[in-house]
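One-letter residues, chain by chain:
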Amino acid sequence: QVQLVESGGGLVQPGGSLRLSCAASGPIFRINSMGWYRQAPGTERELVASITDAGIINSADSVKGRFTISRDNAKNTVYLQMNSLKPEDTAVYYCHADINPGWGARDFASWGRGTQVTVSS
């Protein structure tokens, strides 16, 4: 069973920084893409940033220039460096991975349980 374990959330003041990490474990042949979504109360879950195994990045306009996504393929880990945080970045951040389990099996999506990020003075 594939598991995604997130870490690094917390409370930070506006203008501060946090770094999120997400490590995938289990029966994985290849991870096609990894990324981060977020969901604030009363809103739909939205893409923050994603990165493919080839290093192609897709990110929301609201975080460009502030957030940086990176990935360590050898460790099946994705990172999100968040700088210049704003109160509107407050949300639960979820790790996502598109998994190829190998052996001809179908690709599937896996989600972490989420980590709270709160930006407040």
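The text that follows walks through the structure, step by step, so that each part is easy to find. (Residues numbered from 1 in each chain as written. Predicted model: local features only at pLDDT ≥ 70, side-chain atom pairs only at ≥ 80, totals over all residues. Heavy atoms only, no water.)

**Describing the packing of aromatic side chains**
Inspection of the entire model under this criterion finds one aromatic pair. Relative to W111, the ring of Y37 has its centre 5.0 Å away and its plane inclined at 65°; by these criteria the two rings are edge-to-face. Taken together, the residues span a long stretch of sequence, with Y37 in strand β4 (residues 30-39) and W111 in strand β10 (residues 108-111) at a distance of 74 residues. Of the residues examined, Y37 reaches a relative accessible area of 23% and is grouped as partly exposed. Accessibility expressed as a relative area gives 37% for W111, which makes it partly exposed. Stacked on the ring of Y94, the Lys or Arg R45 has its end atom at 3.7 Å from the ring centre. Just above the ring of W111 sits the side chain of R45; from NZ or CZ to the centre is 4.7 Å. (Phe/Tyr/Trp six-rings, centres within 6.5 Å; stacked < 30°, edge-to-face > 60°. Helix = DSSP H or I, 4+ residues; strand = E, 2+ residues; numbered from the N terminus. Buried < 20%, exposed > 50% of the residue type's maximum accessible area, 1.4 Å probe, protein only. Lys NZ or Arg CZ within 6 Å of the ring centre and 35° of its normal.)

**Quick word on the side chain of R66**
Inspection of the secondary structure assignment puts R66 in the loop between β6 (57-59) and β7 (67-72). Exposure remark for R66: the relative accessible area of 10% places this residue in the buried category. A distance of 2.8 Å separates a polar side-chain atom of R66 from the backbone oxygen of S62. Non-local contacts of R66, meaning those with residues more than four positions away in its chain, are made with Q81, M82, N83, S84, L85, K86 and D89. (Polar contact = N/O pair within 3.5 Å; in protein donor to acceptor, adjacent residues only side chain to side chain. Contact = heavy atoms within 4.5 Å.)

**What to know about the environment of R106**
In this fold, R106 is placed in the loop between β9 (91-100) and β10. Classification of R106 as exposed rests on a relative accessible area of 74%. The sequence separation of R106 and D61 amounts to 45 residues, and the corresponding C-alpha distance is 32 Å.

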